[in-house]
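# Coordinates in review
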Amino acid sequence: MTQTDTNAREWEYTTYAPAGETCPACGKSIKSLESCRRGMLSRRDLSPVVAYWHTACAPTEGQ
């Protein structure tokens, strides 16, 4: 999967990830009841998929 061009305005919201989710930025699992950011990634075929980032790992505007 590849990350689409993102900025802070594209984050949908801060939330809690479903069990078993892994942060695409650091590769570590997101713990139960740990707040995270929800956004979209593009698959190789460019179809979108929902992903969750640790709040500290989430790309910010300009990255």
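Before any of the text, the structure's been laid out above.
Anyway, here's the lowdown on the structure attached to this text. (Residues numbered from 1 in each chain as written. Predicted model: local features only at pLDDT ≥ 70, side-chain atom pairs only at ≥ 80, totals over all residues. Heavy atoms only, no water.)

### Let's talk about the sheet that holds strand β2 (residues 35-42)
One open sheet holds the three strands; their spatial order is β1-β2-β3, and the pairing between them is antiparallel. With partners counted over all chains shown, the strands left at the sheet margins are β1 (13-16) and β3 (48-54), one partner each. The average undirected angle you get between the axes of adjacent strands in this sheet is 50°. Direction of pairing for β1 relative to β2: antiparallel, over a ladder of four bridges. Following the sheet pairing, threonine 15 is matched in β2 by cysteine 36. (Pairing = 2+ DSSP bridges. Helix = DSSP H or I, 4+ residues; strand = E, 2+ residues; numbered from the N terminus. Axes fitted to C-alpha atoms, helices over the stretch in contact; angles between N-to-C directions.)

### Some points on the nonpolar core
Ranked by size, the top nonpolar core spans 10 residues in total: Ala17, Cys23, Ile30, Cys36, Leu41, Val49, Ala51, Tyr52, Trp53 and Ala58. Mapped onto this core, the elements with two or more residues apiece are β2 and β3. If you tally residues by element for this core, the top one is β3, at four residues. (Core = buried A, V, L, I, M, F, W, Y, C linked by side-chain atoms within 4.5 Å. Buried < 20%, exposed > 50% of the residue type's maximum accessible area, 1.4 Å probe, protein only.)

### Focus: the pairing of β2
Pairing of β2 with β3 involves seven bridges; the strand directions are antiparallel. By the bridge assignment for β3, methionine 40 is matched with valine 50. Here β2 hands over to β3 after five residues, with leucine 46 in that stretch at a positive phi of 70°.

### Re unusual backbone geometry
We note that leucine 33 has phi near 65°; this positive angle belongs to a residue other than glycine. In this structure, leucine 46 takes a positive phi of about 70° despite not being glycine. Examined against the element boundaries, leucine 46 turns out to sit in the loop between β2 and β3. A relative accessible area of 66% places leucine 46 in the exposed class.

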